[in-house]
Amino acid sequence: ARTAHVVCVLLLALTFSYLARLFPWAYLRHWSVAWWSLLLGVFAVRASLSWPEIAMGFWVLFLSAEWVFLFYLLAGCREMATGHPVTLTRFLPALPVSILLATMIVPFFPTFDRLFGLQSLLLSAGFAAGLVLLRQVTPTHRTVGLRLMQVAFVFLGLLFLAYVPLFWFHPREILPWLS
């Protein structure tokens, strides 16, 4: 399952990178960076499973990469909706702050399941925010692709919301394949 996740995210990252080269829209570049960041987060999860003695360091990388994913995803949605470019260099200082915040949060979670449960809640809220942002898109940009992205945000939001109790409350002995 983890390998399939890596391959799917890699395909999305490559697709958005290609689209960003074809079309001059900045939001495609933001979404490309978002998917590359998510790929880094997925690799961090895989690495934490391979090297459990230093797993917490990879959990920090996972959280930071997912927060960057969410930021660039929402920045692209905002830019597509309003037509105003998002000045991303102003937010560059937020990257070390996110790493520091992740470093402070991770030690409070004894297992990755609990950490992922909380992270799923944050991602679900982010997908809902993306859906709200995309509702503001002008009629000329309301295409099939936009509708598909809105549907994807709805399903991703519901899926990650379902992950919260699943990963927070599940006993490992009953569902060991989930961990």
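Relevant structure appears above.
Please read these numbers as outputs of a predicted model, since none were measured by experiment.

**Examining the nonpolar core**
If you look at the biggest cluster of nonpolar residues, it comprises 50 residues, and the most contacted ones within it are W31, F69, L73 and L134. In terms of residues, this core owes the most to one element, helix α3 (residues 55-82), which gives 16 residues. If sequence neighbours within four positions are ignored, L73 has contacts with W31, A34, F127, M149 and F153.

**Remarks on α3**
The end-to-end C-alpha distance of α3, which contains 28 residues, comes to 40 Å, matching closely the 40 Å that a straight helix rising 1.5 Å per residue would cover. Counted residue by residue, α3 has 21 buried out of 28 residues, so it is predominantly covered. Positive backbone phi, at 80°, marks G83, one or two positions downstream of α3.

**Digging into the packing of α3 against helix α6 (residues 144-169)**
The contact between α3 and α6 brings their axes to 14 Å, and the two run at 140°. When the axis of α3 is compared with that of α6, the two are oblique. Crossing of α3 over α6 shows left-handed handedness. Contacts between α3 and α6 pair L73, C77 and M80 from the former with L146, M149 and F153 from the latter. When the residues that make up the contact of α3 with α6 are grouped by side-chain class, the tally is six nonpolar, no polar and no charged.

**As for the packing of aromatic side chains**
Taken as a whole, this structure holds 19 aromatic pairs when the rule is applied. Summarising the aromatic geometry, the rings of F16 and W31 are spaced 6.0 Å apart at their centres and angled 80° between planes, so their arrangement reads as edge-to-face. One end of the pair, F16, is in helix α1 (residues 2-22); the other, W31, is in helix α2 (residues 26-50), and 15 residues separate them in sequence. Owing to a relative accessible area of 14%, F16 belongs among the buried residues under this scheme. Residue W31 is classed as buried on the basis of its relative accessible area, which comes to 3%. Linked through ring pairs, W35, W59, F62, F69, F112, F116, F127, F153, F160, Y163 and F167 together constitute an aromatic cluster.

**Topic: α6**
Relative to the 38 Å expected for 26 residues at 1.5 Å per residue, α6 spans 38 Å between its end C-alpha atoms, a close match to the ideal helical length. L146, M149, Q150, F153, G157, F160, V164 and F167 are the residues of α6 that are buried. Among the structural elements, α2, α3 and α5 (112-134) are those in contact with the buried residues of α6.

**Observations regarding the state of the cysteines**
Summed over the entire model, instances satisfying the criterion amount to zero disulfides. Looking at the unpaired C8, the closest cysteine sulfur is the one in C77, lying at 20 Å.

**Examining the environment of G130**
Along the chain, the position of G130 falls in helix α5. Classification of G130 as buried rests on a relative accessible area of 0%. Setting aside chain neighbours within four positions, we find G130 in contact with L74, C77 and F153.

**Description of the layout of surface pockets**
By volume, the second largest pocket amounts to about 410 Å³. In terms of lining, the second largest pocket is formed by 20 residues, of which the most central are F16, W31, G145, L146 and M149. For the lining of the second largest pocket, the secondary-structure elements that each account for two or more residues are α1, α2, α3 and α6. Of the residues forming the lining of the second largest pocket, the biggest block, six residues, is contributed by α6.

Procedures and definitions
Residues numbered from 1 in each chain as written. Predicted model: local features only at pLDDT ≥ 70, side-chain atom pairs only at ≥ 80, totals over all residues. Heavy atoms only, no water. Core = buried A, V, L, I, M, F, W, Y, C linked by side-chain atoms within 4.5 Å. Buried < 20%, exposed > 50% of the residue type's maximum accessible area, 1.4 Å probe, protein only. Helix = DSSP H or I, 4+ residues; strand = E, 2+ residues; numbered from the N terminus. Contact = heavy atoms within 4.5 Å. Expected span 1.5 Å × (residues − 1). Axes fitted to C-alpha atoms, helices over the stretch in contact; angles between N-to-C directions. Parallel < 35°, antiparallel > 145°, perpendicular 65-115°, else oblique. Left-handed = near helix turned anticlockwise from the far one by under 90°. Nonpolar A, V, L, I, M, F, W, Y, C, P; charged D, E, K, R; others polar. Phe/Tyr/Trp six-rings, centres within 6.5 Å; stacked < 30°, edge-to-face > 60°. Disulfide = S-S within 2.5 Å. 1 Å grid on protein atoms, 1.4 Å probe; cavity = no way out; pocket = protein on both sides within 12 Å on 5 of 7 lines; lining within 4 Å. Points joined across faces, edges and corners; volume = space filled by probe spheres on them.

These values are about where atoms sit, not about what they do.
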